[in-house]
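# Tertiary structure, described
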Amino acid sequence: MATHGGDEVSALVLDIGSHTTRAGYAGDDSPKAVFSTSYGYVPHRPPPEAMDETGANGELIRQPRASTTTYLGEQGPNVWRPNMVVTNPFSEGILTDFAPIPHIVKYAIVDSLRCDPTEHPVLVTEPTWNTKANRERMAEIMFEDLQVPAFYIANSGVLNAFAAGKGTALVIDVGKSMASVVPVVDGFVLRKGCANSTIPLLVRAQAYSMLTQPTPHREGISLLPHHLISNKQAVDPGLPPRFTYREDRASQTTDTWRTWAEHRELDEWLANVSAVMDGGWNEQIAQTRPVKQYEFPTGYNTFFGADRFLPGEVYFNNSHMAAPDLPAPLNSLLNTSLGACEPDLRAQLLSNVVLTGGSSLLSGFSERIVNELTRSYPNQRIKLHAAGNITERRYGAWLGGSVLASLGTFHQLWISKEEWQEHGKSIVGQRCK
Amino acid sequence: MSSGVGVSPECLTTYQELKLGKKTKWIVYAMNKAFTEVVVEKTGETDLEDLIAQLPGSEPRWAVLDFGYESGEGKRNKICFISWSPDDSKIKQKMVYASSKDALRKSLVGVHAEIQATSYEELDPEVVHERVAKRI
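Residues numbered from 1 in each chain as written. Chains lettered and ligands numbered in written order. Predicted model: local features only at pLDDT ≥ 70, side-chain atom pairs only at ≥ 80, totals over all residues. Heavy atoms only, no water.

## Quick look at the packing of aromatic side chains
To describe a pair of aromatic rings, one takes the distance between the centres and the angle between the planes. Residues and elements named next belong to chain A. This is how the line gets drawn: When two rings of Phe, Tyr or Trp (its six-membered ring) have centres within 6.5 Å they constitute a pair, described as stacked for plane angles under 30 degrees, edge-to-face for angles over 60, and tilted for the intermediate range. Helix and strand labels come from DSSP, where a helix needs a run of H or I of at least four residues and a strand needs a run of E of at least two; each type is numbered from the N terminus. Any residue under 20% of the maximum accessible area for its type is buried, any over 50% is exposed, and the rest in between are partly exposed; the area is computed with a 1.4 Å probe on protein chains only.
Applying the stated rule across the entire model yields 15 aromatic pairs over all chains. Look at Phe143 and Trp420: their rings are 5.1 Å apart centre to centre, the planes differ by 20°, and that puts the pair in the stacked class. With a gap of 277 residues between them, Phe143 in helix α2 (residues 132–145) and Trp420 in helix α14 (residues 417–423) connect regions that are remote in the sequence. With a relative accessible area of 2%, Phe143 lands in the buried category. Residue classification places Trp420 among the buried positions, given a relative accessible area of 7%.

What follows is the structure, given as structure tokens:
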């Protein structure tokens, strides 16, 4: 328990990812609130003088959207609203729009956890590629906008390594939009060995086009969400769906909402149907694997055989996709990362590989990583740790932060409000190493 | 990043005994129940195999061992630090031990080699010998 004003109060832990935000009480073994970081708002037609402008340095100056409501969490983008736009404060895994962050943090702390932010120390996680300016901005929001009594920002790579019981580890974190490989040595990130890419986005793009484009055996599959379907009838597998589209909502559905909702359907399909070929791509073997039946909100349902392994293959190989500047697959990230480490350290890292992140839960994923590493480093001992517990695998960084922030001894690490007022932004880099 | 956990004075005095006197051959360190301080759990005057028998199968510990081996040019003794964290341990314990290791490790001067182990095979005498001889 952290001590504040003589009372023992629980610290709070926030892990704001590009896909979901996880929030909860320190000491708990799972986050109480997990909600989409994407949020909705209904834009008012702005008067001409309030249009967004381009500043002197070419940056976009957004006019305050004072009168717009931000729709978050359970009542957020997953509720259909006329003309609601859905947007996300992250771009390529990094926070680029801080305007909604106070709303997101308040939603997490006040609405979801029912806490008064002025009474609880808050630990926030950050990705390894976070910038100095960003972490200082986060501290500023916490102290100035939310008036928290104490704050700490912890590296998610180190938290994941520690949560796996390791001071030295190679942390492979596969999320919804970013995949990263981070060597942690004696509790510190080895910067030169960090590698990351948006390969999970390419996996989603591949799955999207595979499902929605027609094949010789079927028409393109509609990923229409249930919000836009008024009724449907059961149909036999493979037959065209019989449903009624909600015409009344058509003109008031924004493209951003529709894309968001379709991607949610896509994520459902990926989580339930897709898998990774553990031994590397082999069409013959893929065809011998069990098929899976899946029904979409339109009622259309079919069996997926070898094709359910195709999107997952993109994590490891994108050479068949003809497009410039594709994000690097995991093999390249691993080779870049390990290539930057001395041979002795490389051996230590290979015997302490930690696999984390929700997307790594795909069947066959961890076996494939071991196989890829064995192929690249044939004479090394490779040992991979991947939590079997789904909560631990998804929320490794949050859980690590939860334990850390719950320790009484951690009070000396917190940046207090008084310290913030005295030292300003520089204290963040000094304290949170 | 560290937990802020401290190290009890006894941890250092026991370590000095191992380093100077030649009776104590190994020490097992543990976190106290309140997770506030590292304490000495056990000491022994025997070898690596006895030390391994003291390491629990599903809880982390730290250990220091005065490892004796034949170097080819006669008998050598080197001090080895072991971080023990089996994969089956509870996440809270893994987190507390991993984030507190530096506090203990930094207070022990004269450690020759360091081993991070999650299973008993990683502490096989041959593996330890290799690590100590190569000093990695």
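## With respect to unusual backbone geometry
For Arg114 of chain A, which is not glycine, the phi torsion reads 55° and is therefore positive. Structurally, Arg114 of chain A is set in the loop between α1 (101–112) and β12 (122–126).

## Section: helix α3 (residues 91–107) of chain B
Residue pairs spaced three or four apart in an α-helix point in one direction, given the helix's 3.6 residues per turn. Residue and element names in this part refer to chain B. To keep it simple, the criterion reads: One less than the number of residues in a helix, times 1.5 Å, gives the span that helix is expected to have. What is called the bend at a residue is the angle between a pair of axes, fitted to the seven residues leading up to and ending at it and to the seven starting from it.
Given a rise of 1.5 Å per residue, 17 residues ought to cover 24 Å, and the 25 Å separating the end C-alpha atoms of α3 matches this to within 8%. The largest bend in α3 is about 40°, located at Ser100. For α3, a buried count of 12 out of 17 residues is recorded, marking the element as mostly surrounded by other parts of the structure. Among the residues of α3, those classed as buried are Ile91, Gln93, Lys94, Met95, Val96, Tyr97, Ala98, Ser99, Ser100, Lys101, Leu104 and Arg105.

## Considerations on helix α3 (residues 156–163) of chain A
Residue and element names in this part refer to chain A. Note the threshold: Under this definition, polar contacts are N or O atom pairs within 3.5 Å; protein pairs additionally need one hydrogen-donor-capable and one acceptor-capable atom, and for neighbouring residues in sequence, both atoms have to be side-chain atoms.
Burial runs high along α3: eight of the eight residues are buried. Among the residues of α3, Ser156, Gly157, Val158, Leu159, Asn160, Ala161, Phe162 and Ala163 are the ones counted as buried. Among the residues of α3, the N-terminal cap falls to Asn155, whose side-chain oxygen and the backbone nitrogen of Gly157 are separated by 2.7 Å. Looking one or two places after α3, you find Gly165, whose phi comes out positive at around 85°.

## Looking at the sheet that holds strand β5 (residues 75–84) of chain B
Residue and element names in this part refer to chain B. The line we're drawing: Being paired, for any two strands, means DSSP has found at least two bridges between them.
On the basis of which strands lie adjacent, the open sheet formed by six strands has the order β1-β3-β2-β4-β5-β6 and mixed pairing. The open sheet has two free edges, formed respectively by β1 (6–7) and β6 (113–117), since each of these has just one partner strand. Across five bridges, β5 lies against β6 in parallel orientation. Bridge pairing in β6 links Cys80 to Ala113.

## Here we look at the interface of chain B and chain A
The parts lose accessible area when they come together, and the size of an interface is often stated as this lost area. Going by this rule: Any pair of residues with heavy atoms lying within 4.5 Å of one another is described as a contacting pair. Two parts lose some accessible area (1.4 Å probe) when they are put together, and adding that loss for both gives the buried area. Salt bridge, as applied in this entry: a Lys or Arg side-chain nitrogen positioned within 4 Å of an Asp or Glu carboxyl oxygen. For this classification, the nonpolar set comprises Ala, Val, Leu, Ile, Met, Phe, Trp, Tyr, Cys and Pro, the charged set comprises Asp, Glu, Lys and Arg, and every other residue, Gly included, is treated as polar.
Contact residues are listed per partner, giving 25 residues for chain B and 32 residues for chain A. Both faces considered, chain B and chain A share a buried interface measuring about 2500 Å² in area, 57% of it formed by carbon and sulfur atoms. Of all residues in chain B, Met1, Met95 and Gln116 of chain B give up the largest surface area on contact with chain A, accounting jointly for 33% of the area buried on that side. For the interface between chain B and chain A, the tally reads three salt bridges. One salt bridge in this structure joins Glu122 of chain B and Arg381 of chain A, with 3.8 Å as the shortest N-O distance. Across the contact surface, chain B and chain A share 11 residue pairs in polar contact (both at pLDDT 80 or more). Those elements that provide at least two residues to the side of chain B that touches chain A are α3 and β6 of chain B. With nine residues, α3 of chain B is the largest single contributor of residues to the side of chain B that touches chain A. Residue composition of the side of chain B that touches chain A, grouped by class: eight nonpolar, nine polar and eight charged.

## Observations regarding the UniProt feature "domain: ADF-H" (unreviewed entry) in chain B
Condition: UniProt positions are given in the numbering used here, feature names are shortened, and annotations may be inferred rather than shown by experiment.
In this numbering, the UniProt entry assigns the feature "domain: ADF-H" (unreviewed entry) to residues 4–133 of chain B. Summarising residues 4–133 of chain B: 34% helix, 32% strand, and an end-to-end C-alpha distance of 33 Å.

## So, the environment of Gly44 of chain B
Residues and elements named next belong to chain B. Here Gly44 shows up in strand β3 (residues 37–44). The exposure class of Gly44 is buried, given its relative accessible area of 9%. In the structure, Gly44 is positioned 50 residues away from Lys94 in sequence and 25 Å away in space, judged by C-alpha atoms. Residue contacts for Gly44: discarding those within four places in its chain leaves Lys23, Thr24, Lys25 and Trp26.

## Focus on the nonpolar core
Short version of the rule: The nonpolar core is taken to be a set of buried Ala, Val, Leu, Ile, Met, Phe, Trp, Tyr and Cys residues, with the residues joined through side-chain atoms within 4.5 Å.
Formed by 91 residues in total, the largest nonpolar core has its most connected members in Met138, Met142, Phe151 and Tyr152 of chain A together with Tyr29 of chain B. Other than its neighbours up to four places away in sequence, Met138 of chain A contacts Ile16, Leu95, Phe98, Ile101, Val124, Phe151 and Ile153 of chain A.

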